[in-house]
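Working through the structure, step by step
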Amino acid sequence: MSGSELSFPGRMNAFQRVMYQWSDLHPYNAVHAYRIARPLHVERLRESIGRVYRQVGFGFAETDSAGYWYRHDLDACPPLEILDGADDAEAVLGELFARELNTPFARPRCRPMRFSAVAAGPADHYVCIGYNHWVADSVSARLLARRVLNLYLNLGIPEEPPPELYPATYREVFAPRLSRLRVVRALGQALWQVLWRKRICRVPYTSVTCFPVGYAMTTTVDGTVDRVRHFAKSLGATVHDVMLAALARAMAENMPRRATGDGSRPMALGTIVDTRGDSVLDLSNTFGTFLSFYGVNFLAEPGARLADVTRQVTALTRPIKLQRDYLAALPQMRIFSLVWPLLNARRKAYYARLAVPMTAGISNVVVRDPWLTAPQSPIVDYLRGSPTGPMLPLTAAVTTVGNRINIGMTYRQTGFTASRLQAILGMFRDQLERPEHAGTILRSPGTPASVMAAQRSSAAA
């Protein structure tokens, strides 16, 4: 075993490596928030975080000089930021999310998780975790949060063994899935993306090299999940297919005509995939990052019904899921990471837009964790914010909580005005709330509320 391996026991997998590299340009962070229907107890929360860190041996993450190997060290005194949200907790929370998504973590050594709390009222607060994405994926962030909130709220979860901090790499856990044929197909797909990029609907930036993001959130009405599931089932689709179609329609309706080609350019939408279920090892108690993605290109012409676009999406996604073609992104990311160090900062920005041309992306989580869904749990809501990275102009973090859907949109500020972003967010939400009517109601930038109300009434009739 080499000296570097002795000093840094964990080796980055393909996605950890590219996430670490992407933060050369802009922070590649994510953020979660848990709404707690109890009074905020600062010292109890602080002590709960510290106890979990001591149990796990966690708190600092450090990489070697080349950014291939890493290690964790104990942080005996993790900081906790307290924010006052009594006047407008949602506004304070939104500002916190935007700050977390834009604030870099130190390199090569950092605290990879930042804990904060927003006091919303005498019996209501949020516990928030912003994290360095190369260190942890969404599953890992919840794995740590479960331990912290179990102590803080006395949830009664039985004591758990510490998570594995240095998991095996993709080469080991996905080896049976990564055949030579799949690698060759992956290379072909990567080349196809580059050659056909000009035919894809891409958001026109005012600056390709300026990366700050904004964040906006909304939630659907209760009962939305049942309606979307019924709608999806009637089409032989999945709920995620409906979400992809709805986001594409919202983008197509609210993008400049020069970007959409008057509806002739297909939307290229990406989906992040949790790959733990494809591993040959049990990764349920593993702290790390196990992700891949797939993209689909399809037309979403203004005025097209949601049902019609959903059928297009389903025809494209079904074989990808059946054949696990999303694993093809792993060798693609490996090639991406090899080219990255050869480029200067400006070329890196253009390279990312060239190599993976995307209109938008979705990170979709269905909350099934018993500790989050228990009827009498003091945890009453869960929200997420995902990074755009250097490729995506916009990403929707969609979280199913009970019978409603929380939506957090992270967007490149050089690609969207506030009004255009709100139009996209609103139309996306409206389609999920009333999928059977989506096709007659289209929201355009600047549409008066009275006109929208009249359209809704007409559609309902």
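Residue positions are given per chain, counted from 1 along the sequence in the order it is written. Two thresholds apply to this predicted model, a pLDDT of at least 70 for residue-level local features and 80 or more for giving and counting side-chain atom pairs, whereas whole-chain, interface and lining totals are computed over all residues. Note: side-chain values were computed over all heavy atoms of the structure, leaving out hydrogens and water.

1. Side note on a negative patch on the surface
Rule in force here: Like charges within 9 Å and nonpolar side chains (Val, Leu, Ile, Met, Phe, Trp, Tyr) within 5 Å are joined into patches, using only residues over 30% in relative accessible area that form no salt bridge. Only the protein chains shown count as cover for residues, and the accessible areas themselves come from Shrake-Rupley with a 1.4 Å probe. Each reported salt bridge corresponds to a side-chain nitrogen of Lys or Arg within 4 Å of a carboxyl oxygen of Asp or Glu. This count recognises Lys and Arg as positive and Asp and Glu as negative, with His and chain-terminal groups excluded. Here the site of a charge means atom NZ of a Lys, CZ of an Arg, CG of an Asp or CD of a Glu. Only DSSP runs of H or I covering at least 4 residues are called helices, and only runs of E covering at least 2 are called strands; the numbering of each starts at the N terminus.
A grouping of D84, D87, D88, E90 and E95 is seen on the molecular surface, where their side chains present a negatively charged patch. Tracing the backbone through its elements, the reader meets E90 in helix α4 (residues 89–102).

2. Here's the deal with the pairing of strand β10 (residues 267–274)
Here is the rule: To sort residues, take the accessible area from a 1.4 Å probe on protein chains only and compare it with the maximum for the residue type: under 20% means buried, over 50% means exposed, and anything in between is partly exposed. Paired strands, in this sense, are two strands between which DSSP finds at least two bridges.
Of all the eight residues making up β10, six are buried; the element is thus mostly covered by neighbouring parts of the structure. Where β10 meets strand β11 (residues 291–298), eight bridges bridge the pair, whose relative direction is antiparallel. Residue pairing in the sheet places G270 in a bridge with G295 of β11. Here β10 pairs with strand β12 (residues 360–366) via three bridges, running parallel. By the bridge assignment, G270 is partnered in β12 with G361.

3. Comments concerning the sheet that holds strand β2 (residues 29–36)
Our working definition: For helices, the fitted line uses only the C-alpha atoms of the stretch in contact; every axis is such a line through C-alpha atoms, and the angle between N-to-C directions lies from 0 to 180 degrees.
As summarised here, the arrangement of the five strands in space is β5-β7-β8-β2-β13, forming an open sheet in which the pairing is mixed. Two strands close off the open sheet at either side, each with one partner strand: β5 (80–84) and β13 (379–385). Neighbour-to-neighbour, the strand axes of this sheet turn through a mean angle of 20°, independent of strand direction. For β5 and strand β7 (residues 113–121), the ladder comprises five bridges, and the chain directions are parallel. Pairing of D84 across the sheet is with A119, part of β7.

4. Comments concerning the nonpolar core
This is how it is decided: Throughout this description, the term nonpolar core refers to a set of buried Ala, Val, Leu, Ile, Met, Phe, Trp, Tyr and Cys residues connected via side-chain atoms within 4.5 Å.
The biggest cluster of nonpolar side chains holds 124 residues, and the ones touching the most others in it are M113, F336 and F428. Core analysis: the next-biggest nonpolar cluster, separate from the first, contains 17 residues, L83, A98, V118 and A120 among them.

5. Focus on the packing of helix α2 (residues 14–22) against helix α12 (residues 329–339)
Rules: Our angle categories are set so that under 35 degrees counts as roughly parallel, over 145 as roughly antiparallel, 65 to 115 as roughly perpendicular, and the remainder as oblique. In this scheme, a crossing is called left-handed if the near helix is turned counterclockwise away from the far one by less than a right angle; it is called right-handed if the turn is clockwise. Two residues qualify as a contact provided that any one of their heavy atoms is within 4.5 Å of a heavy atom in the partner residue. Throughout, the ten residues Ala, Val, Leu, Ile, Met, Phe, Trp, Tyr, Cys and Pro are labelled nonpolar, Asp, Glu, Lys and Arg are labelled charged, and all others, Gly among them, are labelled polar.
Their axes nearest at 9 Å, the elements α2 and α12 cross at an angle of 40°. What the angle tells us is that α2 and α12 run oblique. Relative to α12, the crossing made by α2 is left-handed. Every residue of α12 that contacts α2 at A14, F15, R17, V18, Q21 and W22 is listed here: A329, L330, M333, F336 and S337. Partitioned by chemical class, the residues of the contact of α2 with α12 number eight nonpolar, two polar and one charged.

6. Quick notes on the side chain of E62
Heads up, the rule is: Within 3.5 Å is the distance limit for a polar contact, defined as a pair of N or O atoms, with the added protein rule that one can donate a hydrogen and the other accept it, and that residues adjacent in sequence qualify only through two side-chain atoms.
Locating E62 in the fold gives a position in strand β3 (residues 59–63). Residue E62 is classed as buried on the basis of its relative accessible area, which comes to 15%. Within the structure, the side chain of E62 is placed 3.1 Å from the side chain of R109, a separation counted as a polar contact. Not counting the four nearest positions on each side in its chain, E62 is found in contact with F8, W69, Y70, R71, D73, P108 and R109.

7. A closer look at the sheet that holds strand β1 (residues 10–11)
With antiparallel pairing, the four strands of this open sheet are ordered in space as β1-β4-β3-β6. Both outer strands of the open sheet, β1 and β6 (109–110), are each paired with one neighbouring strand and no more. Summarising the sheet, β1 and strand β4 (residues 69–74) pair through two bridges and their orientation is antiparallel. Looking at β4, one finds that G10 is bridged to Y70.

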